[in-house]
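Next come the chains, spelled out residue by residue.
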Amino acid sequence: MHGDRSTLAGLIEACREAIAANAEHLCALDRAIGDGDHGTNMKRGCEAVYAERDELDALPLARALERIGMTLVMTVGGAAGPLYGTLLIEMGRRMEGGRACDMLVHALPAAVDAVARRGRSQAGEKTLLDVLYAVQSEVLKQEPPARIAAAAGMAARGTIAMKAMRGRAAFLGDRSIGHMDPGACSCALLTDTICRYIGETQFA
Amino acid sequence: MKVNGAHVGIVIVSHSPLIARGTADMVRQMVGDSVPLAWCGGNADGGLGTNVGDIVEAISAAWSEAGVAVFVDLGGAETNSEMAIEMLEPARARRVLICNAPLVEGAVMAAAEASGGAALARVVATAEELSP
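Predicted model, so just to flag it, every value in this text is computed and none were measured.

(A) Fine view of the overall build of chain B. Check the secondary structure of chain B and you find six helices and four strands. What you see in chain B, going N to C, is helices and strands ordered as β-α-β-α-β-α-α-β-α-α. Taking 2.2 N^0.38 as the reference for a compact globule, 132 residues should give roughly 14 Å; the C-alpha atoms of chain B span a radius of gyration of 13 Å, in line with that estimate. Overall, the C-alpha framework of chain B stretches about 35 × 30 × 30 Å when taken along its three principal axes.

(B) Geometry of the overall build of chain A. Helix and strand counts for chain A stand at nine helices and zero strands. Ordering the α and β elements of chain A from the N terminus gives α-α-α-α-α-α-α-α-α. On the principal axes, the C-alpha backbone points of chain A span a range of 45 × 35 × 30 Å. Here the contacts in chain A between residues at least 6 apart in sequence split such that 61% fall between residues at least 24 apart.

(C) How the structure looks around unusual backbone geometry. Residues and elements named next belong to chain A. Notably, Lys126 is not glycine yet its phi reads approximately 65°, a positive angle. Note that Lys126 resides in the loop between helix H6 (100–118) and helix H7 (128–140). Of note in this structure, Gln142 is not a glycine but carries a positive phi near 60°. Its place among the elements puts Gln142 in the loop between H7 and helix H8 (145–158).

(D) Quick peek at the interface of chain A and chain B. With 13 residues of chain A in contact, the opposing surface of chain B contributes 14 residues. For the side of chain A that touches chain B, the elements supplying multiple residues, two or more each, are helix H4 (61–76) and helix H5 (80–94) of chain A. Residues of the side of chain A that touches chain B, tallied by class, amount to four nonpolar, five polar and four charged.

(E) Quick peek at the nonpolar core. Core analysis: the biggest nonpolar cluster contains 105 residues, and Val131 and Ala152 of chain A together with Ile10, Val11, Ala69 and Phe71 of chain B have the highest contact counts within it. Counting residues per element, this core draws most heavily on helix H9 (residues 182–201) of chain A, which supplies 10 residues. Aside from chain neighbours lying at most four places away, what touches Val131 of chain A is Ala152, Ala155, Ala156, Ala184, Cys187, Ala188 and Thr191 of chain A.

(F) Region of the structure containing the UniProt feature "domain: PTS EIIA type-4" (unreviewed entry) in chain B. Look at the UniProt record and you will see "domain: PTS EIIA type-4" (unreviewed entry) annotated at residues 7–132 of chain B. Between the end C-alpha atoms of residues 7–132 of chain B there is a gap of 27 Å, over a span that is 51% helix and 16% strand.

(G) Spatial organisation of the packing of H7 of chain A against H8 of chain A. Residue and element names in this part refer to chain A. For the pair H7 and H8, the least separation of the axes is 8 Å and the interaxial angle reads 155°. In this view, H7 runs roughly antiparallel relative to H8, as classed from their interaxial angle. The handedness of the crossing between H7 and H8 comes out as right-handed. Every residue of H8 that contacts H7 at Asp130, Val131, Ala134, Val135, Glu138 and Val139 is listed here: Arg147, Ile148, Ala151, Ala152, Ala155, Ala156 and Gly158. Looking at the contact of H7 with H8 residue by residue, the class counts come to nine nonpolar, one polar and three charged.

(H) Representation of H9 of chain A in the model. All names here are of chain A. The first and last C-alpha atoms of H9 sit 28 Å apart over 20 residues, in line with the 28 Å expected at 1.5 Å per residue. Most of H9 sits inside the fold, with 14 of its 20 residues counted as buried. Positive backbone phi, approximately 55°, marks Gln202, located one or two places after H9.

(I) How the structure looks around the sheet that holds strand S2 (residues 37–41) of chain B. Residue and element names in this part refer to chain B. The strand order S2-S1-S3-S4 describes an open sheet built from four strands, whose pairing is parallel. Two strands bound the open sheet, and with one partner strand each, they are S2 and strand S4 (96–99). Sheet twist, expressed as the mean angle between neighbouring strand axes with direction ignored, is 20°. As paired strands, strand S1 (residues 9–14) and strand S3 (residues 68–72) are joined by five bridges and run parallel to one another. Bridge pairing links Ile10 to Ala69 in S3. Against the sheet, helix H5 (residues 103–115) engages S1, S3 and S4, with an angle of about 170° to S1.

(J) Focus on the packing of helix H1 (residues 8–33) of chain A against helix H2 (residues 38–51) of chain A. Residues and elements named next belong to chain A. With their axes 6 Å apart at the nearest point, H1 and H2 run at an angle of 165° to one another. By the angle between their axes, H1 is roughly antiparallel relative to H2. Note that H1 runs across H2; the crossing there is left-handed. Its residues assigned to classes, the contact of H1 with H2 comprises 12 nonpolar, four polar and six charged.

(K) View of the environment of Gly124 of chain A. All names here are of chain A. In this fold, Gly124 is placed in the loop between H6 and H7. When the C-alpha positions of Gly124 and Gly158 are compared, they lie 9.0 Å apart, and in sequence the two are 34 residues distant. Ignoring sequence-local partners within four residues, the contact set of Gly124 consists of Asp130 and Met162.

Criteria and cut-off values
- Residues numbered from 1 in each chain as written.
- Chains lettered and ligands numbered in written order.
- Predicted model: local features only at pLDDT ≥ 70, side-chain atom pairs only at ≥ 80, totals over all residues.
- Helix = DSSP H or I, 4+ residues; strand = E, 2+ residues; numbered from the N terminus.
- Rg over C-alpha atoms; globule rule 2.2 N^0.38 Å.
- Contact = placed C-beta atoms within 7 Å.
- Nonpolar A, V, L, I, M, F, W, Y, C, P; charged D, E, K, R; others polar.
- Core = buried A, V, L, I, M, F, W, Y, C linked by C-beta atoms within 7 Å.
- Buried ≥ 20, exposed ≤ 12 C-beta atoms within 10 Å, placed from the backbone.
- UniProt positions renumbered as here; feature names shortened; annotations may be inferred.
- Axes fitted to C-alpha atoms, helices over the stretch in contact; angles between N-to-C directions.
- Parallel < 35°, antiparallel > 145°, perpendicular 65-115°, else oblique.
- Left-handed = near helix turned anticlockwise from the far one by under 90°.
- Expected span 1.5 Å × (residues − 1).
- Pairing = 2+ DSSP bridges.

Encoded structure:
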């Protein structure tokens, strides 16, 4: 499907396209319960990573993830930058040799824990963690990419009924109920993009 | 800025550069140049937001051997400040604390305390007394 794009650079490009195509939607979700900039922030971060895609492609996967995380930290801003950044930096630091999917099983739980600590949050608080825990659970069961993506989407939709406990949405209290969390939405979107890419190209 | 060893430094981080700068002006009016002071605000595109690189720079600009107290406005400012502190060399990171205090009142109170030569823990505690 992606032809000769079965590379990290191709995956980065796919993520950048997905975020760009949905940036306005992410901003609209964020306007409802936050400060309305999640789409533009994520877009800025993805553009910065995209600009480094050739250098990233030349690195071992673990080092590339760490560097992508650092780039996101420095460019996304908001709370999303440190959260996504922490996820990737910690994954990179915990990955050692072997096949990418084996490394993922090893590295993901610890990285998700690090995100929870960074955000001082837990499951059920209407954040991107709700999606990450769903992804983690499917990854540990070694489910195929399509199942992982479906679980991520369902988890993001699950945040609609939740009351926000963290971030600016928490200021709204009960009024945050009925809106999808923008961070959960971008996380599910990126998961879907990555899973599709892996499914189509055997990247991992 | 000259390296200052005697007085705790103050850093102000707001989503809005206008708020950060205005708060810094109020601190200066209170304590003059006796306390190392730096501010930052705005995202990488110049819009409302915070960014880690600017926070790291601000901490370096207000660096004092006595430590630095960081004042933040909303969620992302705190998370980005934590990230910025972790990027400092460990010996410095240990001497930077984020205050859980209102931005303007906290920074002014802390600066007044710092200008009297109080230690970092005391400066932070004074500002945090303002929090409910």
